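Residue-level structure breakdown
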Amino acid sequence: MSTDFTYDLTIHHAPDEGGHFLANGTLFGGSFAAETLMQPLKEIETAFFEAWQDEAFQQERLSLLKHYAGRATPLYHAKRLSDELGGAQIYLKREDLNHTGAHKLNNTIGQALLARRMGKKKVIAETGAGQHGVATATVAALFGMQCDIYMGREDMRRQAPNVFRMKLLGANVIPVDSGTATLKDAVNEALRVWVANCEDTFYIFGTAAGPHPFPLMVRQFHTVIGQEARAQCLAQAGKLPDVAVACVGGGSNAIGLLHPLQDDDIRLVAVEAAGCGLETKQHAAALCKGKAGIIHGSLSYLLENDEGQVQPTHSISAGLDYPGVGPELAAMMESGRLDVDSATDDEALAAFQTLTQVEGIIPALESSHAIAAGMRIAASMNPDQIVLVNLSGRGDKDLGTVMDKLAEDAKEGDQ
Amino acid sequence: MSRLSDVFARCKSNQRAALVSYLTAGDPDLTSSELLLNTLADQSDILEIGMPFSDPMADGPVIQAASERALASGTHIQDVFRLTAQVRQQHPDLGIVLMGYANIPFVIGFENFAKQAVEAGADAVLLVDIPPEEGHICDGIFQKHGLDRILLLSPTSTEERIQLVCKHASGFIYYVSLNGITGANMGDMEAIQQQVNHIRVHTDLPVCVGFGVKTAKQAQEVGHFADGVVVGSHFVNTIPQNISNAEAINDALKDAASSMKEALEA
Ligand SMILES: Cc1ncc(COP(=O)(O)O)c(C=O)c1O
């Protein structure tokens, strides 16, 4: 059931003309792309700004968000969980209840409408956890577009149910074997394919990273999350949250939740994948541990060595297993507006189980990182305070991974 | 005059296009690479030395694999400079372009990078993912060190972009003959010629054509209207085809390069 919601369609905190986000004199974002892509990117930018001002486009988009995706998604007061922790009240923004089971559809609806408006017949996308791939395959089915999804072979193994969903939806899923065979390599491959086919193909980028205008555009399509959550929290709790928490892969669910809250007196927290621990090399925490770098068309924080080679990452969740991060989050951290935190594989897994057992909600492993940090933060606060956590997706896709991991841990426990 | 303009002047007086060749530094390993780069330099007017990168987004499978081999065999940026210096020592008149992705010079520092590139004997730098719009991050640094900055144009470049690129480029213009990645199939020759002629309206810089040139015949055709012909994947391919036999690679590379050279001289 969805209720009518009035969204603010003004573009707040826009980057400069070149797509740069500035913080304390440091510049992030931009379009560090090959010449062949510069004009196609410019065309998308122009089409996006035109569409954004076009009432018919917005009506169609918002109508799809309501009747097709099921927005507004609920804000849920996780009372049992809050009571058990004895700290702040935890409110969950239920993006897991968005159609296809994650926030990703907010973005793909917007970009697919834009692709159709630009006369593109074919869409391509990269995917890590497969949620963006599923969300893209879904809108491609809806709009009758041809759809190719690029996915690292390692991720296809970890997220097999989503591979099958994409295929059922009519998409081709193309395995990527280069590099580390995960999300970053899928982006590389999708970019290569796009360069060769930019005339008839639209690249539906899956996160708030990549070259301008993607970080801006993806953000705008996801700010529905934060706008709804803000109003819902005011309505339900009579006040704004004290802290807002989201997990970060490339940064789309985080910027979607946090961007509309940044002008309020709310602590904003981005939670990265600490994998086996931030002190190891096996994590994916670009904001916590990275340095400035240029990858996938954008200047941001990056996990790289002293010579600029991108380093392999690790996370139990495929959707967070990415060495970069969106430029706007990097700028928000640089300016001091955004706090960064992290959760390890084990902490995420524990949060996954806790939320399932205490609230009857099975979260995605990506979202479990936000839950883990949210619980930790809430535990140190007072019961009259509020922690808002973005539950970016549901965990059905992760059951295999969790089953294997729990069996492995049990075996180790026996020894 | 810069060394690159000398190269083009010399080719022009011989009434032929320049052979611009590409290999990735450190491919397949550091020792072989020194031999191979020098062999290719012997036959070439300009050598593009690729700086291996973990995420070569603009490259096709052949050059991606070259980057992976080079990194796996332990090639560091210092090795790229050292190999460049070794090629320079043996080839005083050769044009040398360091080619790669923005993140390497960005992370080691553009100033530091430019200084070492010049010391090694490079004439120019081509960073695929720094379009003129983002030139601000290395603004004036290459120029200050006397390094030319090669910029790309492609079939998707509009009139406005052609002007922008011509304004910021030096050394030569690299026209990417197709919408695609390195190693793809060559586009329509007539369309390429038209575009090259069109670019010339906006610049006096030499125009080289690359991406997709694989046969001597293609090189010859391109050489009739372009100032330089860039051959990359075709040369790189001699490495996996003869892997683990440096001498065989060297022979194959020498053959491949001399047939391209002859085609341009014919
Ligand atoms: C449920 C869920 N949450 C979060 C992410 C991470 O992406 P982002 O940082 O763009 O929100 C993914 C990516 O696949 C996801 O599926």
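Read on for an overview of the structure. It should be emphasised that the depicted structure is a prediction, and the values quoted were computed from it without experimental measurement.

1. As for the overall build of chain A
Counting its secondary structure elements, chain A contains 15 helices and 14 strands. For 415 residues, the compact-globule estimate of 2.2 N^0.38 gives 22 Å, and the C-alpha radius of gyration of chain A, at 20 Å, lies within 12% of that figure. Projected onto the principal axes, the alpha-carbon positions of chain A cover approximately 55 × 50 × 45 Å. Burial status across chain A gives 65% buried among its 415 residues.

2. What about the site of the ligand?
Residues and elements named next belong to chain A. The full set close to the ligand counts 19 residues, and Thr207, Gly249, Gly251, Ser252 and Ser392 are the nearest of them. At 3.2 Å, a side-chain N or O of lysine 104 approaches an oxygen atom of the ligand. A distance of 2.5 Å separates an oxygen atom of the ligand from a polar atom in the side chain of threonine 207. Compared with its free state, where it exposes 390 Å², the ligand has 97% of that area covered by protein. Judged by the fraction of its atoms near the pocket grid, the ligand is located in the largest cavity. Of all the secondary structure elements, the ones that give two or more residues to the shell around the ligand are α10 (252-258) and α14 (365-379). Here the residues of the shell around the ligand are counted per class, giving 5 nonpolar, 12 polar and 2 charged.

3. Description of the sheet that holds strand β7 (residues 172-176) of chain A
Residue and element names in this part refer to chain A. Judged by pairing direction, the sheet is parallel, and its 4 strands sit side by side in the order β7-β6-β5-β8 without closing on themselves. Where the open sheet ends on each side, the last strands, each with one partner, are β7 and β8 (201-203). Adjacent strand axes in the sheet meet at a mean angle of 25° when their direction is disregarded. Sheet topology note: the strand β6 (residues 146-152)/β7 ladder contains 5 bridges and is parallel. In the strand pairing of β7, isoleucine 149 is matched with valine 173.

4. A few points about the interface of chain A and chain B
Contact residues are listed per partner, giving 40 residues for chain A and 39 residues for chain B. Taken over both partners, the interface formed by chain A and chain B buries close to 2900 Å², and the fraction arising from carbon and sulfur atoms is 54%. A per-residue breakdown of the area chain A buries against chain B is headed by Glu35(A), Arg192(A) and Glu307(A), which together make up 26% of the total. Our count for the chain A to chain B interface comes out at 2 salt bridges.

5. Topic: the packing of aromatic side chains
With the rule as written, the count across this model stands at 18 aromatic pairs over all chains. Judged by centre distance (6.4 Å) and plane angle (65°), the ring pair of Phe106(B) and Phe110(B) falls under edge-to-face. Through a chain of ring-to-ring contacts, the aromatic side chains of Phe81(B), Phe106(B), Phe110(B), Phe113(B) and Phe142(B) assemble into a single cluster. In this arrangement the basic side chain of Arg116(A) is found over the ring face of Phe143(A), its NZ or CZ atom lying 5.1 Å from the centre.

Definitions and cut-offs
Residues numbered from 1 in each chain as written. Chains lettered and ligands numbered in written order. Predicted model: local features only at pLDDT ≥ 70, side-chain atom pairs only at ≥ 80, totals over all residues. Heavy atoms only, no water. Helix = DSSP H or I, 4+ residues; strand = E, 2+ residues; numbered from the N terminus. Rg over C-alpha atoms; globule rule 2.2 N^0.38 Å. Buried < 20%, exposed > 50% of the residue type's maximum accessible area, 1.4 Å probe, protein only. Near = heavy atom within 4 Å. Polar contact = N/O pair within 3.5 Å; in protein donor to acceptor, adjacent residues only side chain to side chain. Areas by Shrake-Rupley, 256 points an atom, 1.4 Å probe, with all protein chains shown as cover. 1 Å grid on protein atoms, 1.4 Å probe; cavity = no way out; pocket = protein on both sides within 12 Å on 5 of 7 lines; lining within 4 Å. Sits in = over half its atoms within 2 Å of the grid points. Nonpolar A, V, L, I, M, F, W, Y, C, P; charged D, E, K, R; others polar. Pairing = 2+ DSSP bridges. Axes fitted to C-alpha atoms, helices over the stretch in contact; angles between N-to-C directions. Contact = heavy atoms within 4.5 Å. Buried area = accessible area lost by both parts, 1.4 Å probe. Salt bridge = Lys/Arg side-chain N within 4 Å of Asp/Glu carboxyl O. Phe/Tyr/Trp six-rings, centres within 6.5 Å; stacked < 30°, edge-to-face > 60°. Lys NZ or Arg CZ within 6 Å of the ring centre and 35° of its normal.

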